[in-house]
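# Structural description and commentary
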Amino acid sequence: MSDFDYDLFVIGGGSGGVRAARIAAGHGARVGVAEEYRYGGTCVIRGCVPKKLFVYASKFAEEFEDAAGFGWDVGESRFDWEKLVDAKDREITRLEAIYRRNLERAGVEMFDSRAVVEGPNTVRLMTDGREISAKTILIAVGATPNVDANLPGGEHVITSNEAFHLSDFPKRIVVAGGGYIAVEFAGIFNGLGAETTLLYRGEEILRGFDDDLRKALHEEMEKKGISVVCEDVFTSIEKTGDGLVGKTRQGRELHADKIMFAIGRRPNTAGLGLEAAGVKLDVNGAVVVDAQSRTNVPSIYAVGDVTDRVNLTPVAIREGHSFADTVFGGKPWTADHDLIPTAVFSQPEIGTVGLTQAEALIRHGAVDVYRAQFRPMKHTLSGRDEKMLMKVLVEPETDKVVGVHILGPDAGELSQVLGIALKMGARKADFDATMAVHPTAAEELVTMREPSERLRA
């Protein structure tokens, strides 16, 4: 008989923690999991899933406009924010129930409570103060939105957490930030009819993405009516009788009904008791782990956004699965963080895998760039002024494709398939030898024969 209540206790019922709990239980471990909010985590409850539902909703206005070029008379249309929020809530409730059922079927015991670490093998449930012992503890509490605590009037802003539950749809909104969450929400609010401004401190939006994609998306967002302001930040926010007034470092006064901050996320480790247990955190509060997700305390592991490695839901799931197989299944393996396909559900959408042009040039010293920018076939009849961008990066000495970047419809779907090809080590010759599917936008990936540029460091 074990000296511990559980073989594994998971703090956090998001994607990474749930996957780890289910897999460990499948290997015969006695598993408990504590979640203080709702099962499914940020992605399912107030992140990528509801966000993409909102993205779908925000595209219909353009679809109705485009239909006229194809002979359709759509007639008058009207958007109802309350109906969208209610429909989203029903779907999220359905998904959370699935997460709970899957844990129950796996034999995992669930605790609807905040839990904190009391020691290397002890967890305390905050609802009733009960102490639980576990041979192994897994930290999977994710991350939480950043806010500027020192900004005068900062108490008036919302984050992505609140954006999903607004009682009234804002007619005017300013989104502060330039990452994927910021550009996605700017597209959502703009598409649903709000006067939208995106305010970003950097030189160009989407830092870390390929520069051609960043510039092209900026241009397309402005075509859609979003005011994109770079190299500026809020210095104060004031609540008035007419809403909010945000003043900026460059002297702007931005009037809005809502101001949303999407300036990054921080690991959700505050008040978790990790320091007292001896777990090492970095300067941003992230749990420091090795490739096997182990902390410096042998009995405590961490996966997902709380480790601030690659903050994507599929990565958290893979890390949780790897941890459970390794520790409880006798099948050691590590999650591979290389060549991760990524989508940004901006408007137009981005799909990317591999190195950016700048990264490829630094890493390899040389890169051949194949680039195509064109109007998608749909817009030859719709008349919409929107361009699609495709870019393939090749290391010339080996002919290996080291990066593919797409801006346009269904780019995220394409990046998943391209991720397989790059993971298998595809060469440009393999792309060239693949028959094109016509008429599609994707055929450009296999018909670009001559480099647009040959860059050498």
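Before reading on, note that the structure itself is shown above.
Values in this document were obtained by computation on a predicted structure and should not be read as measured data. (Residues numbered from 1 in each chain as written. Predicted model: local features only at pLDDT ≥ 70, side-chain atom pairs only at ≥ 80, totals over all residues. Heavy atoms only, no water.)

## Comments concerning the overall build of the chain
The condition is simple: Secondary structure elements follow DSSP: runs of H or I of four or more residues count as helices, runs of E of two or more count as strands, with numbering from the N terminus. Just to be clear, the radius of gyration here is over C-alpha atoms, and the globule rule we use is 2.2 Å times residues to the power 0.38. Classification of residues uses two cut-offs on accessible area relative to the type maximum, computed with a 1.4 Å probe and protein chains only: under 20% is buried, over 50% is exposed, and between them is partly exposed. Contacts are assigned to residue pairs with any non-hydrogen atoms lying within 4.5 Å of each other. Only the protein chains shown count as covering a residue, and every accessible area follows the Shrake-Rupley method with a 1.4 Å probe.
Across its full length, the chain carries 13 helices and 22 strands. For the chain, whose C-alpha radius of gyration is 24 Å, the value lies close to the compact-globule estimate of 23 Å for 457 residues. In terms of overall dimensions, the chain has a C-alpha envelope of 70 × 65 × 45 Å along the principal axes. Buried positions account for 50% of the 457 residues belonging to the chain. Expressed as a percentage of contacts within the chain between residues at least 6 apart in sequence, the contacts between residues at least 24 apart total 63%. Here the chain has roughly 21,600 Å² of accessible surface; of this, 49% comes from carbon and sulfur atoms.

## Examining the sheet that holds strand 11 (residues 234-240)
Quick note on the threshold: The pairing criterion for strands is at least two bridges between them, as found by DSSP. Here an angle of 0 to 180 degrees is reported between the N-to-C directions of two axes, which are lines fitted to C-alpha atoms, with helices fitted over the stretch in contact.
Spatially, the three strands line up as an open sheet ordered 11-12-13, and their pairing is antiparallel. With partners counted over all chains shown, the strands left at the sheet margins are strand 11 and strand 13 (253-256), one partner each. Neighbouring strand axes in the sheet, compared pairwise and without regard to direction, differ in orientation by 20 degrees on average. Direction of pairing for strand 11 relative to strand 12 (residues 243-248): antiparallel, over a ladder of six bridges. Residue pairing for strand 12: Lys239 is matched across the bridge by Leu244.

## Details of the state of the cysteines
By definition, a disulfide links two cysteine residues through a covalent bond between their sulfur atoms. The line we're drawing: The term disulfide is used for any two cysteine sulfur atoms that are within 2.5 Å.
Under the criterion given, the structure shown has one disulfide. Shown here is the disulfide that connects Cys43 with Cys48, its sulfur atoms set 2.0 Å apart. Across the S-S bond of Cys43 and Cys48 the torsion is about -135 degrees, and the bridge reads as left-handed. What makes Cys43 buried here is its relative accessible area of 14%.

## Side note on the packing of aromatic side chains
Each aromatic ring pair is described using two quantities: the centre-to-centre distance and the angle formed by the ring planes. What counts here: Pairing of aromatic rings covers Phe, Tyr and Trp, the last through its six-membered ring, and needs centres within 6.5 Å; plane angles under 30 degrees mean stacked, over 60 mean edge-to-face, and all others mean tilted. To sit over a ring, a charge needs its Lys NZ or Arg CZ within 6 Å of the ring centre and within 35 degrees of the ring normal.
This model, assessed by the stated rule, comprises 14 aromatic pairs. Seen from their ring centres, Phe9 and Phe111 are 5.8 Å apart, and the 40 degrees between their planes marks the pair as tilted. Taken together, the positions of Phe9 in strand 1 (residues 6-11) and Phe111 in strand 3 (residues 109-111) put the pair 102 residues apart, joining distant regions of the chain. Of the two residues, Phe9 and Phe111, neither departs from the other in class, the shared state being buried. Aromatic rings pair up to connect Phe54, Phe79, Trp81, Phe164, Phe169, Phe185 and Phe189 into one cluster. The ring of Tyr37 has Arg46 sitting right over it, with the charged end atom 4.2 Å from the ring centre. The positively charged end of Lys428 is found above the aromatic ring belonging to Tyr370, 4.3 Å away from the centroid.

## A word on the sheet that holds strand 22 (residues 453-456)
For sheets, the rule is that strands pair by backbone hydrogen bonds, running either parallel or antiparallel. Read from one edge to the other, the open sheet built from six strands follows the order 17-18-21-20-19-22, with strand pairing classed as antiparallel. Where the open sheet ends on each side, the last strands, each with one partner, are strand 17 (342-344) and strand 22. Within this sheet the neighbouring strands show an average axis-to-axis angle of 20 degrees, counted without direction. Two elements, strand 19 (residues 366-374) and strand 22, share four bridges in a ladder whose sense is antiparallel. Its bridge partner lying in strand 22, Ala366 is registered against Arg456. Seen against the sheet, helix 7 (residues 211-223) touches strand 18 (350-354), strand 19, strand 20 (388-395) and strand 21 (400-407) and runs at an angle of roughly 10 degrees to strand 21.

## Considering unusual backbone geometry
Excluding glycine, a negative phi dihedral is what most residues carry, and trans is how most peptide bonds are arranged. With an omega of 5 degrees, the peptide bond between Gln347 and Pro348 qualifies as cis. Within the secondary structure, Pro348 sits in the loop between strand 17 and strand 18. Cis geometry is found at the peptide bond from His438 to Pro439, where omega equals -5 degrees. Turning to its location among the elements, Pro439 is positioned in the loop between helix 12 (428-433) and helix 13 (444-447). A positive phi angle, close to 60 degrees, is found at Leu206, a residue other than glycine. Within the secondary structure layout, Leu206 lies in the loop between strand 9 (195-200) and helix 7. The exposure class of Leu206 is buried, given its relative accessible area of 1%.

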